[in-house]
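Each chain, letter by letter, is given below.
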Amino acid sequence: MSYSIPDTVTTKGPFRPMRFEATVEECIVTHGEIPKDLAGGFYRTGPSWKRPTKQGTTPLLAMDGMVQGLVFDNGRADFRNRWVRTPKYLLEDKYGRGMFEYADGGFGDYRDYGYGEVVRTPQNAYTPQGTSSINIFPFAGDLVVSGELGGAPQIIDPITLETKGIVPWAPALSKGPHDLVCFGDGTFCAHPKWDEDTGILYGWSYSDTAPYVSMKYVHPDGTVESRDLWDAPYNTVAHDIWLTPEWVVMPFQPFIIDLQRNSKGLTVFGWEPELPITLALIPRHNLQGEVRWIQTDLPAQYVMHTMTANVKGDQLILDAPIFNTPPFPMEQDFKEGDQAALFFSNAASYLGRWSVNLTTGDTTAEQLSELPSEICKVDQRFYGRGHRYGFQIGGQPKKRGMRMDSLIRNDVDKVTEQVYQIRGEGELAAVLEASFAPRTIDAPEGDGYIIVPVSWWAERRGEFQIFDTHDITAGPICKIELPFHMGWTPHGHWMDFR
């Protein structure tokens, strides 16, 4: 069937779907030149609308995942984008129509997320509902693309972007909020961290019923260490972690997931600020060892994405953009029938710091910047070793949210920042999450390039801007142009070929 693109907040402006697969070899450079020492790929994934759900609606998180890849070699860049051919994608491609009806897909307003339970039919009875549209990261020589809830991660070829099937360690994964519908239908997190030396991937699954979190340490040979956290305090949205030399630090925050909320006419996500922020310090090197639980006296806050983690003496220092409320539309601010702008239009976050006294457990919070910011990245070679530098996208306050128009380089030791504005006032573009690429494989932490995707959606063109981390205020050293609209993507990573 053929469809018109619906006029909804999830399909227009920066979220206008990129419904085609493209290959652009030897991309055009409109400014500067591509550094010849860049050898690897910059990969991203995101939801892209292909067809309506069975209900005829367009919830963002029910849309099929689409991977984008920009591969560098000797001063040349090649771009590709491909659909992630999950079991859901293949089923709907076979029938040529939407095959899933969602508990949060028929409200017709801000409550439609596409994460709720689906109606099972003879045709979709054994097909996972996951879309692999949240993050993509390197692991054991391949790329792994994950959707967080509703299906196992998929393996993606780093050159062709071909979907090679689910990860071989999928049977070791735990279920998320949804019941398993087939063998290997476990879920995996959106933001795992890894150890560059051992290759171990530190991940987890989470659910709205106990055990709320199941830890998964995945080794390069596919061996998976597992532990259910039966003493987890409540059903938090376990979206991200910090990694230190000794611990996986998982924050339990009052942004919760509960599929039963749909039956009450509410979103699957909820904000319950009376719940205490609790930190789980989970041992990295002995998963079955003692987990230290630190119940804090912090005010109700929300960290969606972590940045740097450092241990100095008896202080655990956790830096991240901090919201006062999550940037997701919920019943506190919206009513039935309301259409809600997405993410950073709903709330603003500012770089902040949680400091934990490891002797007493006392925890304090402070704000480190007056500049709104989010979607932060670090030099991933140093995951778990401590970081001095972080990179974010930020801008200015805008109504209840924030305008994301600038690249930011943070020095968390000196608590300073460099800022470069990418889009000017009145320019229509989405400045998306950046990724760091090292200058050489053994370069010092934070020494290299930061690559920023920019969707100039009003002009129907895409762009990648490359900055030298020595001084981002000097502006991009290179701009690579795509001659078409570049679809919205929340997350991605650099994969080094050197």
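Heads up: these notes are all about the structure in this document. Because the structure is predicted, anything quoted here is derived from the model rather than measured.

1. Here we look at the overall build of the protein chain
- For the protein chain, the count of helices and strands is one helix and 32 strands.
- Sorting the 498 residues of the protein chain into buried and exposed places 64% on the buried side.
- Within the protein chain, residue pairs in contact and separated by at least 24 positions form 62% of the contacts whose partners lie at least 6 positions apart.
- Of the roughly 18,500 Å² of accessible surface on the protein chain, 48% is carried by carbon and sulfur atoms.

2. As for the environment of Ile 28
- With respect to the helices and strands, Ile 28 occurs in strand β2 (residues 28-32).
- What makes Ile 28 exposed here is its relative accessible area of 55%.
- Ile 28 sits 49 residues away from Ala 77 along the chain, and the two C-alpha atoms are 8.5 Å apart.
- Dropping the residues within four chain positions of it, Ile 28 is found in contact with Lys 479, Ile 480 and Glu 481.

3. A few points about the side chain of Thr 131
- Counting through the fold element by element, Thr 131 comes out in the loop between α1 (87-95) and β6 (135-139).
- A relative accessible area of 5% means that Thr 131 is categorised as buried.
- Among the polar contacts made by the side chain of Thr 131, one reaches the side chain of Ser 133 at a distance of 3.1 Å.

4. Looking at the pattern of salt bridges
- Counting across every chain of the model gives 29 salt bridges.
- For Arg 76, the salt bridge identified is with Asp 78, shortest N-O distance 2.9 Å.
- For Arg 76, a relative accessible area of 33% puts it in the partly exposed group.
- Judged by relative accessible area, Asp 78 falls into the buried class, the value being 15%.
- Linking Arg 461 and Glu 463 is a salt bridge whose minimum nitrogen-to-oxygen distance equals 3.7 Å.

5. Looking at the nonpolar core
- Core analysis: the largest hydrophobic core is formed by 91 residues, its most contacted members being Met 215, Met 250 and Ile 282.
- Leave out the neighbours within four places in its chain, and Met 250 touches Trp 204, Val 213, Met 215, Ala 238, Ile 241, Thr 278, Leu 279, Ala 280 and Ile 282.
- Counting residues in hydrophobic clusters, the runner-up holds 25 residues, among them Phe 42, Trp 83, Cys 478 and Met 486.

6. As for the packing of aromatic side chains
- Enumeration over the complete set of coordinates arrives at 29 aromatic pairs.
- For the pair Trp 169 and Phe 188, a centre-to-centre distance of 5.3 Å together with 70° between the ring planes defines the contact as edge-to-face. With Trp 169 in the loop between β9 (163-166) and β10 (193-194) and Phe 188 in the loop between β9 and β10, the pair connects residues that are 19 residues apart, well separated along the chain.
- Relative to Trp 488, the ring of Phe 343 lies with its centre 5.5 Å away and its plane at 15°, an arrangement referred to as stacked. With Phe 343 in the loop between β21 (315-323) and β22 (349-357) and Trp 488 in the loop between β31 (478-482) and β32 (491-496), this pair connects stretches of sequence that are 145 residues apart.
- Here a set of aromatic residues connected by ring pairs shows up, and it is made of Phe 15, Tyr 113, Tyr 115, Phe 255, Phe 269, Tyr 302, Phe 323, Phe 328, Phe 343 and Trp 488.
- Cation over ring: Arg 385 sits above Phe 382, and NZ or CZ is 5.6 Å from the ring centre.
- The lysine or arginine in question, Arg 439, covers the ring of Tyr 449, its NZ or CZ lying 5.1 Å from the ring centre.

Criteria and cut-off values
Along each chain, numbering runs from 1 in the same order as the chain's sequence is written. Only residues with pLDDT of 70 or above have their local features reported here, since the model is predicted, and side-chain atom pairs are shown and tallied only from 80 upward, although totals for entire chains, interfaces and linings are computed over all residues. Based on all heavy atoms of the structure, the side-chain values leave hydrogens and waters out of the count. Helix and strand definitions follow DSSP, with helices as H or I runs of at least four residues and strands as E runs of at least two, each counted in order from the N terminus. Here the term buried applies to any residue with accessible area under 20% of the maximum for its type, exposed to any over 50%, and partly exposed to those in between, with areas from a 1.4 Å probe on protein chains only. Residue contacts are defined here by distance: any two heavy atoms, one from each residue, within 4.5 Å place the two residues in contact. Methods summary: accessible areas were calculated by the Shrake-Rupley approach with a probe of 1.4 Å, and residue burial reflects only the protein chains presented. N or O atoms closer than or at 3.5 Å make up a polar contact, with two conditions inside protein: a donor-capable atom paired with an acceptor-capable one, and, for residues adjacent in sequence, both atoms drawn from side chains. The salt bridge criterion pairs a side-chain nitrogen of Lys or Arg with a carboxyl oxygen of Asp or Glu, the two atoms within 4 Å. The term nonpolar core refers to a set of buried residues drawn from Ala, Val, Leu, Ile, Met, Phe, Trp, Tyr and Cys, joined through side-chain atoms within 4.5 Å. Centres within 6.5 Å are what make two rings of Phe, Tyr or Trp a pair, Trp counting through its six-membered ring; a difference in plane orientation under 30 degrees is then read as stacked, over 60 as edge-to-face, and the rest as tilted. A ring is scored as having a charge over it whenever the NZ atom of a lysine or the CZ atom of an arginine sits within 6 Å of its centre and within 35 degrees of its normal.

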